[in-house]
Amino acid sequence: MPHRRAMPTHPITLIVACAENRIIGRDARLPFDIPEDKAWFHAKTAGHTVVLGHICFETWPQVFADGRQPVVITRDHSLASPRVRVADDVPAALAIARTMPGEIMVCGGQRIYEEFLPLADRILLTLVHAEIPGDTWFPEWRHLPWRETWRQESADANYRYTFSELERVR
């Protein structure tokens with residue numbers, strides 16, 4: 001009988017906003033400003049453990065708000081404090097995050113997403129319906145077995161976008 005992988009006690013969720021061409025960043029910043037997406041991102045990550053790279057940590061002023069607990073993947077251990085856990089790599093960050101409360105919410109950047117994608121149970125995706133120039137990408141996810149469990153179309157003055165919740169098909 002084949003062994004089935006049990007659902008982990010700390011689900012791993014990637015949360016991301018990306019353009020149709022998978023762009024997530026330009027010059028270490030978000031390449032679009034969508035207030036509704038920012039509010040959704042903050043609401044979904046509130047009260048959870050957030051795993052992110054050094055640049056994402058330093059460019060997110062609200063990282064500590066609403067009960068978020070950051071685990072930063074970096075070799076710069078000077079960031080470590082009672083409020084910030086630091087890990088050298090994804091396996092170390094995952095080991096730390098599994099000891100912390102709430103879901104594990106992976107918030108980027110590119111390398112962090114690439115390494116966590118095979119481990120993820122869920123993706124909370126804001127897909128911006130535009131081709132946007134940039135230098136940082138979300139890895140290709142569409143070829144993997146995901147099932148959309150929720151979807152909402154929206155728009156602002158600049159972009160049309162879709163919020164989706166995707167669960168890995170096991």
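Described below are features of the structure shown in this document. (Residues numbered from 1 in each chain as written. Predicted model: local features only at pLDDT ≥ 70, side-chain atom pairs only at ≥ 80, totals over all residues. Heavy atoms only, no water.)

### Section: the state of the cysteines
The tally for this structure, following the rule as stated, stands at zero disulfides. Cys 18 carries a free sulfur, and the closest cysteine sulfur to it, the one in Cys 56, is 14 Å from it. You can call Cys 18 buried: its relative accessible area is 0%. Of all cysteine sulfurs in the structure, the one in Cys 107 sits closest to Cys 56, which takes part in no disulfide; the separation is 7.7 Å. Cys 56 gets classed as partly exposed once you look at its relative accessible area, which sits at 23%. (Disulfide = S-S within 2.5 Å. Buried < 20%, exposed > 50% of the residue type's maximum accessible area, 1.4 Å probe, protein only.)

### Details of the nonpolar core
Counting 28 residues, the largest nonpolar core has Leu 14, Val 51, Val 106, Phe 116, Ile 123, Phe 138 and Trp 141 as the members making the most contacts within it. Contributing elements (two or more residues each) for this core: β1 (12–19), β4 (69–73), α3 (90–97), β6 (104–106), α4 (110–116) and β7 (122–128). If you look at the next biggest cluster of nonpolar residues, it comprises 25 residues, including Ile 34, Val 50, Val 63 and Phe 163. (Core = buried A, V, L, I, M, F, W, Y, C linked by side-chain atoms within 4.5 Å. Helix = DSSP H or I, 4+ residues; strand = E, 2+ residues; numbered from the N terminus.)

### Re the pattern of salt bridges
Following the criterion strictly, the structure yields eleven salt bridges and no others. Among the ionic pairs, Arg 111 bridges to Glu 115, the shortest N-O distance being 3.1 Å. Within this pair, Arg 111 and its partner Glu 115 are both found in helix α4, separated by four residues, close to a single helical turn. Note that Arg 147 and Glu 167 form a salt bridge whose closest N and O atoms lie 3.1 Å from each other. Highlighted residues: Arg 147 in strand β9 (residues 146–155) and Glu 167 in strand β10 (residues 160–168), separated in sequence by 20 residues. With relative accessibility at 30%, the residue Glu 167 sits in the partly exposed group. Through salt bridges that share partners, Lys 44, Glu 103, Arg 122 and Glu 165 make up one connected network. (Salt bridge = Lys/Arg side-chain N within 4 Å of Asp/Glu carboxyl O.)

### What to know about the sheet that holds β9
Strands sit in the order β5-β4-β3-β6-β1-β7-β10-β9 across an open sheet of eight strands; the sheet is mixed. In this open sheet, the two edge strands, each paired with only one partner strand, are β5 (85–87) and β9. Averaged over all adjacent pairs, the angle separating strand axes in this sheet is 20°, with direction ignored. One ladder, built from three bridges, connects β1 with β6; its direction is parallel. Bridging across to β6, Leu 14 finds its partner in Val 106. The strands that helix α1 (residues 35–45) touches are β1, β3 (49–53), β6, β7, β9 and β10; relative to β10, the one it contacts most, it runs at about 25°. Its contacts with the sheet put α3 on β1, β3, β4, β5 and β6, and the angle it makes with β5 is roughly 150°. (Pairing = 2+ DSSP bridges. Axes fitted to C-alpha atoms, helices over the stretch in contact; angles between N-to-C directions. Contact = heavy atoms within 4.5 Å.)

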